[in-house]
Structures are given as C-alpha cells and as structure tokens.
Amino acid sequence: MPKPHQSMNGPPDGYYKSMFRANGRIKRTAPKWLHTRQVLSSSFFPSPYTGVADSFRSEVDCALAQLEAMKQVKGGPAYLGTEFGLPDYSDVNEAEIPEQVSTLQDVVADMLELFEGMVNTAHPLSQPNVLPPANKASIIATLFANYFSQNFIEGEYAWNLEKAEMETSAMITRLIPGWDPSKAGGLFTYGGSGCYLYAVKYALAHVLQLHDSRLNGVRTDGKILVSQQGHYAKMNSTDWLGLGMDNIVDIETDDDTNAMDMKDLREKLVELNTNNIPVIAVICTMGTTDAFAIDPVDEVAALLDEFPNPSGYNRPLIYCDAVIGWSFLTFKGYDFSKNPAGITKSISDTIEQIYNKILKIQYADAVGVDFHKTGWVPYATSLFLAKDLPKFKSLMNRPGAVYLNERTEYNPGLYSLEVSRSAAPALSAWATLRYFGLQGFQTTITNVLEMSLCLREILKAEPNMICVNEEDTAFVTLFRVYPDDVDAETRYERELTEDSEEARDLLEESNILQQKTADALWWWLRSGSQIDGMYGPHTTYTSGFRTTDYQDDMGNSRAVIYALKSFPLNVNITYETMLGLVKRVKIARDMVLSGEPIPELPHTPICPPYSVVVPEVGGGKSDAGRTRITDMMSGVVGSRKKRHGRGI
Ligand SMILES: *Cc1c(COP(=O)(O)O)cnc(C)c1O
C-alpha cells in the first residue's frame with residue numbers, strides 16, 4: 001500500500017510509474033494512448049498554469065492574423081477571401097471524424113476555408129438586414145468566457161461571471177421608469193425568439209396557474225393577442241409550446257402608425273370576454289423589424305383592466321417584444337431640447353418620439369432585449385427580463401438535479417429554459433454596456449438614423465427613385481427604382497391607389513423590376529465583378545412590404561409592393577457609401593432594362609438530406625405549413641377595410 005502522501009505527490013507506483021522516465025516524460029515503450037495523451041496535454045489545451053511556456057496566445061495571434069488577412073482592402077468587395085461564388089453544400093454528408101489527431105495549424109486552415117466568401121458585416125456595402133458587426137469588447141468577452149468554459153447554469157461553476165447576467169439585468173431595468181432593480185431580473189437565452197418563448201410560457205404558467213398547466217399540459221385554448229405586424233416568433237412559440245398557432249389572434253394595425261389598433265383590440269377583447277375565452281398574453285412589439293412600429297403598451301394595459309379574464313384564470317400578461325427597440329432606452333437623460341450631441345434636428349425629434357413610446361414598456365410584465373441586434377454584440381445574446389423575477393421564479397421553479405449542489409446563492413438553472421448555458425452572451429452584453437456607455441449607444445443609433453436620412457435625401461434628388469417608407473422612422477429605408485423616363489412619384493402613387501387592370505399591370509411590372517434589380521445586385525456582389533470600378537453591395541429586397549391602398553385582403557397577391565432595402569447598421573457607412581449605393585442600384589436597373597439576361601451564378605447543389613423536398617403541409621389533416629401573407633408582411637399592411645385571416 002503506498003502511503004497517502006506518496007500517492008499525492010507522484011504517479012501511482014507500479015504499472016503507470018513504469019511508463020515514465022525520471023524526468024516525467026513518457027518512455028518510448030509506453031502504450032500508444034499515452035503518447036497521444038502527451039500530445040493532447042502538452043499542446044491541445046491552454047496550460048492550466050501561469051509561468052510555464054504556453055503557445056496559446058501566439059497561436060491565437062497567428063490564427064487571428066490569418067482571419068484578418070481575409071478581409072479586403074478599402075474599396076474592395078464586401079466578402080472575405082477570394083472565393084466569392086455561392087457556397088458549395090454538395091458533399092457535406094461525406095464528412096467523417098478523422099482517425100488521427102490533427103495539428104492546430106491544419107484545423108485553423110480548415111476553419112478559415114469556411115470563412116471564404118462570407119459576407120463581412122462590418123463592410124460599408126453590407127446593409128442587408130439587422131446584421132450588426134460585433135464590437136471588440138464583446139469579442140474579447142466571448143473568448144474569455146469560453147477560455148475556461150464555465151457553465152452558466154449556476155454560481156458554483158461560473159462564479160462571479162454570473163454577475164454579468166444580474167448586473168446587465170439591473171442596468172437595463174434602471175432604464176425603465178418604475179421598474180425596480182431589486183425586483184426585476186432576467187435570463188440570457190438563445191434569441192429574440194427565445195425571449196418570446198419565455199414570455200408565452202410565463203404567461204401560460206401565470207394565467208393557467210389554477211389549471212396546473214405545467215403538470216397537465218396546456219388544455220385551454222387561451223389566446224395570444226399580437227399585432228398583425230408582430231414578428232413571426234409568435235408562430236414559433238405558440239407552435240412549440242403546444243398552445244397552437246390557431247390561438248394567435250391578430251390585432252389590426254393603424255394605417256398611419258402601424259401600431260396595434262386599440263379599437264380592434266377592444267373589439268377582440270369584447271368578443272373573447274363574451275365567449276368566456278381567456279387571454280393568455282398581449283404581445284406589444286416595440287419596433288417591428290422593418291416599419292419600426294411601436295405598440296401603445298399603456299393603452300393595452302388600461303384595456304386589459306377593463307376586460308378581466310373569466311374566473312379561474314389570472315390576468316393576462318403583457319410582453320414587450322423590444323428586441324430591436326430597446327436600445328432607444330439608452331437615451332435616458334438625453335436633453336432633447338438642448339441636443340448637446342448636435343444630432344440633426346429631424347432625427348433628434350424622431351428619437352425623442354421613439355424614446356417616449358419605448359418608455360411605455362414600463363407597463364409590461366416582461367421585456368425581450370436582443371444585444372445581437374441593436375447592441376453590436378455577437379449572436380445569440382438576448383435577455384428575457386421579468387419585471388417581477390420572484391414571481392417568475394415561483395411559477396417556473398423546478399426541483400434541482402441530485403448532482404447539482406447549489407453551493408452559491410445564484411442558481412438560475414432551477415428556472416431557466418436551458419440547462420447548461422454559455423457565459424459568453426451575458427459577458428459580452430455586460431462588457432458592451434460598460435464599453436459603450438449611454439453615449440456610445442446614442443451615437444451608434446444616431447448614426448444609423450443619420451445614414452438612413454442621407455440615403456433618403458439622395459433618393460429625393462433622383463427622379464426615378466422613391467423612398468416608400470418615408471413615414472417610417474428609424475432604421476430601414478425601403479425604396480423603388482423605375483426606368484429613366486418614369487417619374488417615380490407619379491408612378492408609385494398610381495400603383496398604390498389605382499384599382500384598374502392597367503395600374504395592376506404597371507405595379508406588377510415594377511415589382512418585377514425591383515426583384516430583378518435586386519437579383520442583378522446580388523449577382524454583382526457574388527460574382528465578384530467590378531462595374532465602373534465598383535463592387536456590388538449586399539442589400540436585399542422585400543416582396544411583401546405592404547399592400548396597395550385598394551386591396552388588403554391579400555387574396556390577390558399581385559397587389560403588394562416590393563421594395564429594395566437598406567439597413568445601415570454599421571458605423572463604417574458614410575454619405576459616400578450611400579451615394580455609391582444609389583449609383584449601383586441605377587447601374588443594376590440598367591442591366592435589367594437593357595434586356596440582356598442577368599448572368600446566372602454558377603449553381604451549387606445541396607446534397608441529401610438537405611436537398612430532400614418536403615411537402616409544404618405539416619402532415620395529417622393539419623394545415624400547419626400554411627402561411628398567410630399578412631403573417632409575413634414586413635411593413636404597412638395597407639388599409640383594413642377587408643381583412644381576412646384567422647379570426648377568434
Ligand atoms: C428579430 C426579431 C425577433 C426574433 O429575434 P431573434 O433574435 O432573431 O430570435 C423577434 N421580434 C422582433 C421584432 C424582431 O425584430
């Protein structure tokens with residue numbers, strides 16, 4: 001028997017000892033696995049110790065240098081590397097785990113290959129959607145959080161890193177009037193859709209509390225009320241939680257503001273109330289993705305007071321889907337009358353209006369915040385923030401696992417959706433809030449609005465182009481381009497309002513022009529071509545921005561407005577970028593109108609199982625695959641004289 005102190009000081013006697021030399025190295029005769037282990041322990045992991053030679057930092061430096069070398073010189077294209085064709089997914093099902101260990105250099109080289117051709121979100125010509133580049137503090141936070149791979153499930157593992165979740169929650173709570181940081185608290189989760197799922201679950205557990213829905217399942221067709229312009233996460237969450245998508249009740253939107261129409265909400269509440277149907281939640285969108293409509297939460301709250309749920313059901317919850325709009329909260333304390341930052345007057349007015357509307361999230365029971373959208377943080381960094389965390393916990397608590405010990409006082413794993421979680425999202429959000437401060441956020445947001453304004457001003461001077469969401473404040477500019485001899489304003493007015501066969505034909509013709517122009521721009525970008533010394537931009541188009549004024553029942557899907565889109569979220573975009581964008585759009589339009597076919601990008605097929613075409617409908621008798629066009633509208637949904645769709 002070895003004495004205890006001996007077994008602690010060195011390798012055990014006997015077999016294992018015989019494998020090692022006196023200096024600790026492995027004997028040549030030792031079994032192969034020990035040799036491989038030697039490779040792993042000496043080079044696969046960062047050293048657990050300081051003060052010993054460790055190549056990790058220089059390896060990171062070297063890998064990062066190679067990644068950065070894939071960026072283009074100024075004026076170059078908006079993608080990484082030199083292989084700009086469409087991604088080739090034709091043989092992904094052939095992948096196998098290699099037999100042998102590899103070198104880090106080889107793996108890094110393989111990884112870098114995956115970055116070939118990828119769009120560079122920090123490039124000024126990259127304006128397709130809500131795809132903001134990540135800031136430095138957040139990237140370092142991601143690396144740090146992953147360095148020791150702490151599990152965020154509880155304090156015992158992630159220790160003080162858990163503060164990032166609690167402190168971020170407190171920092172955001174402090175921006176919401178009337179919310180109390182000693183009561184409100186949040187959880188980081190997998191996205192704005194995750195926050196939405198949390199919200200619907202919270203509401204179900206609360207409203208159906210007496211029905212024990214957590215044990216019995218959801219057995220009540222309670223309703224989720226959400227504006228028809230709300231995000232399609234409404235479908236994900238009702239579907240995946242088993243409530244069912246047919247329990248979504250769309251609330252019509254106001255033609256001018258795009259916000260939830262209170263008259264329609266009242267009518268729906270009256271009807272539900274009369275029929276004794278409980279409302280689970282009202283979802284208010286604080287900034288829709290394209291039109292940036294903001295629902296009046298205060299009025300919603302007042303209406304809910306008027307229409308209590310049937311007895312046996314608790315009050316409906318209000319959830320604010322503020323995943324895009326939250327960042328306007330950072331204007332807290334900004335003196336709009338003095339405008340110390342010198343923001344363009346019309347923009348500071350806009351910001352002030354938005355800010356005042358966003359402040360109404362104080363009436364919500366919970367709020368969703370995406371840092372990966374208007375927070376310039378990597379994916380997926382979303383905070384579900386409950387106004388009354390103890391209540392959320394008491395509704396959602398579950399017994400801990402026998403092998404988890406609750407060694408510290410913070411154990412979010414007892415009520416979070418996920419079990420294991422990464423510390424990276426919370427740490428990167430936390431670091432970013434500290435790095436940017438209120439002023440940094442105010443400036444990045446202002447910049448998006450100033451650049452959108454630049455684009456709109458440039459469009460105004462173009463007789464063949466028109467901004468079609470002039471009345472939408474904020475981030476996105478949607479615009480249409482017409483042939484050289486067409487006055488955009490007159491033509492668009494006609495397309496929008498005239499209910500005649502001729503006008504419909506014109507509308508369709510120009511819709512096709514928008515689509516083909518977008519396709520030409522896409523070809524320009526992805527073929528790596530230079531035209532007049534310029535590379536193509538990464539923009540996109542929407543085929544469902546709004547309906548026409550005369551037709552909104554979507555029965556005739558021809559009567560929708562297509563538009564090209566600019567979402568200028570990165571700080572590298574300048575006035576010149578926008579001039580260049582407009583120039584490029586005109587070139588692309590001319591390519592389309594020249595009649596020459598737009599060259600096809602070399603097609604790269606995708607292999608099975610990904611290539612297998614599935615039937616559109618979910619299966620059985622259900623119609624789960626159906627999509628109403630109104631569900632997918634990104635902006636105004638037109639006048640609402642003849643709405644159709646799922647009623648109550
Ligand atoms: C993006 C978005 C979502 C979904 O959020 P993810 O982070 O993409 O999961 C939900 N609601 C709105 C209004 C959004 O813009």
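Values in this document were obtained by computation on a predicted structure and should not be read as measured data. (Residues numbered from 1 in each chain as written. Predicted model: local features only at pLDDT ≥ 70, side-chain atom pairs only at ≥ 80, totals over all residues. Heavy atoms only, no water.)

Draft legend 1. Quick peek at the overall build of the protein chain. The helix and strand inventory of the protein chain stands at 21 helices and 11 strands. By the compact-globule yardstick of 26 Å for 648 residues, the protein chain fits well, its C-alpha radius of gyration being 28 Å. For the protein chain, the C-alpha atoms occupy an extent of roughly 95 × 70 × 60 Å along the three principal directions. Long-range pairs, those at least 24 residues apart, make up 72% of the contacts in the protein chain between residues at least 6 apart in sequence. Counting every atom, the protein chain has about 32,100 Å² of accessible surface; 54% of that belongs to carbon and sulfur. The centroid of the 60 positive side-chain charges in the protein chain is displaced by 8 Å from the centroid of its 81 negative side-chain charges. (Helix = DSSP H or I, 4+ residues; strand = E, 2+ residues; numbered from the N terminus. Rg over C-alpha atoms; globule rule 2.2 N^0.38 Å. Contact = heavy atoms within 4.5 Å. Areas by Shrake-Rupley, 256 points an atom, 1.4 Å probe, with all protein chains shown as cover. Lys, Arg positive; Asp, Glu negative; His and termini not counted. Charge placed at Lys NZ, Arg CZ, Asp CG, Glu CD.)

Draft legend 2. Representation of the site of the ligand within the structure. The environment of the ligand is made up of 13 residues, and the closest members are Gly192, Ser193, Asp321, Asp370 and Lys373. In this structure, an oxygen atom belonging to the ligand sits 2.6 Å away from a main-chain N or O atom of glycine 192. Burial of the ligand by the surrounding chains reaches 86%, relative to a free accessible area of 380 Å². Class assignment for the residues of the shell around the ligand results in 2 nonpolar, 8 polar and 3 charged. (Near = heavy atom within 4 Å. Polar contact = N/O pair within 3.5 Å; in protein donor to acceptor, adjacent residues only side chain to side chain. Nonpolar A, V, L, I, M, F, W, Y, C, P; charged D, E, K, R; others polar.)

Draft legend 3. Examining the domain arrangement of the protein chain more closely. Domain assignment breaks the protein chain into domain 1 (17–118), domain 2 (141–401 + 409–443) and domain 3 (461–601). A separation of 40 Å is found between the C-alpha centroids of domain 1 and domain 2. (Domains from an automatic or database assignment.)

Draft legend 4. Region of interest: the confidence of the model for the protein chain. In this model, the protein chain carries an average pLDDT of 91, and 92% of its residues clear a pLDDT of 70 or more. Here residues 632–648 is modelled with pLDDT under 50, and outside its nearest four sequence neighbours on either side it reaches 64 contacts, counting other chains as well. (pLDDT = per-residue confidence, 0-100.)

Draft legend 5. Just the nonpolar core, in detail. Grouped together as the largest cluster of nonpolar side chains are 90 residues, with contacts concentrated most on Phe328, Phe371 and Phe475. Broken down by element, this core gets its largest block of residues, 11 residues, from helix H17 (residues 424–460). Split by domain, this core shows at least three residues from each of two domains, domain 2 (141–401 + 409–443) and domain 3 (461–601). In this structure, phenylalanine 475 is in contact with Phe292, Ile324, Phe328, Thr374, Ile445, Val448, Leu449, Ser452, Ser566, Phe567 and Pro568, ignoring residues within four places of it in sequence. (Core = buried A, V, L, I, M, F, W, Y, C linked by side-chain atoms within 4.5 Å. Buried < 20%, exposed > 50% of the residue type's maximum accessible area, 1.4 Å probe, protein only.)

Draft legend 6. Seen up close, the pattern of salt bridges. For the structure shown, the criterion picks out 21 salt bridges. Among the salt bridges present, the one from lysine 338 reaches aspartate 335, with a minimum N-O distance of 3.5 Å. Of the residues examined, lysine 338 reaches a relative accessible area of 67% and is grouped as exposed. For arginine 589, the salt bridge identified is with aspartate 590, shortest N-O distance 3.0 Å. Residue classification places arginine 589 among the buried residues on the basis of a relative accessible area of 2%. Salt bridges sharing partners connect three or more residues here, namely Arg480, Arg491, Glu495 and Glu509. (Salt bridge = Lys/Arg side-chain N within 4 Å of Asp/Glu carboxyl O.)

Draft legend 7. Broad picture of the packing of helix H8 (residues 162–173) against H17. Following both chains from N to C, one finds H8 and H17 inclined at 45 degrees, their axes separated by 8 Å at the closest point. Put simply, H8 runs oblique to H17. Between H8 and H17 lies a crossing of left-handed hand. Contact with H8, carried on its side by Lys163, Ala164, Glu165, Glu167, Thr168, Met171 and Ile172, involves Ala426, Leu427, Ala429, Trp430, Leu433 and Arg434 of H17 and no other residues of that element. The class makeup of the residues in the contact of H8 with H17 is 8 nonpolar, 1 polar and 4 charged. (Axes fitted to C-alpha atoms, helices over the stretch in contact; angles between N-to-C directions. Parallel < 35°, antiparallel > 145°, perpendicular 65-115°, else oblique. Left-handed = near helix turned anticlockwise from the far one by under 90°.)

Draft legend 8. Quick peek at the sheet that holds strand S2 (residues 223–227). Taken together, 7 strands build an open sheet; the order of strands is S1-S7-S6-S5-S4-S2-S3 and the sheet is mixed. Edge positions in the sheet fall to strand S1 (185–189) and strand S3 (248–251), since each of these pairs with one other strand and no more. The sheet shows a mean angle of 20 degrees between the axes of neighbouring strands, direction not considered. Sheet topology places S2 next to strand S4 (residues 279–285); 4 bridges connect them, and they run parallel. By the bridge assignment for S4, isoleucine 224 is matched with alanine 281. In the packing of helix H11 (residues 233–240) onto the sheet, contacts are made with S2 and S3, and the angle to S3 comes to roughly 160 degrees. (Pairing = 2+ DSSP bridges.)

Draft legend 9. Geometry of the sheet that holds strand S9 (residues 477–481). Taken in spatial order, the 4 strands line up as S8-S9-S11-S10 in an open sheet, and their pairing is antiparallel. Every other strand in the sheet has two partners, leaving strand S8 (465–467) and strand S10 (540–547) as the edge strands with one partner each. With direction set aside, neighbouring strand axes in the sheet form an average angle of 45 degrees. Of the strand pairs in this sheet, S9 and strand S11 (residues 560–566) are connected by 3 bridges, and their pairing is antiparallel. Counterpart to phenylalanine 479 in the pairing with S11 is leucine 564. Running over the sheet, H17 touches S8, S9 and S11 and is turned about 20 degrees from S9. Running over the sheet, helix H19 (residues 501–526) touches S9, S10 and S11 and is turned about 25 degrees from S11.

Draft legend 10. Summary view of H8. For H8, with 12 residues, the first-to-last C-alpha span of 17 Å sits near the 16 Å given by 1.5 Å per residue. Looking at the buried positions of H8, the neighbouring elements they touch are helix H7 (155–158), S1, strand S6 (366–370), helix H15 (371–374), strand S7 (382–386) and H17. (Expected span 1.5 Å × (residues − 1).)

Draft legend 11. Structural context of the packing of aromatic side chains. This structure, assessed with the given rule, holds 26 aromatic pairs. Judged by centre distance (4.9 Å) and plane angle (15 degrees), the rings of tyrosine 198 and phenylalanine 384 are stacked. With a gap of 186 residues between them, tyrosine 198 in helix H9 (residues 192–207) and phenylalanine 384 in strand S7 connect regions that are remote in the sequence. On the accessibility criterion, tyrosine 198 (5% relative accessible area) is buried. Ring centres of tyrosine 202 and phenylalanine 392 lie 5.0 Å apart, and the angle between their planes is 80 degrees; this geometry places the pair in the edge-to-face category. A residue pair is termed long-range when its members are at least 10 positions apart, and tyrosine 202 in helix H9 and phenylalanine 392 in helix H16 (residues 389–396) qualify at 190 residues. (Phe/Tyr/Trp six-rings, centres within 6.5 Å; stacked < 30°, edge-to-face > 60°.)

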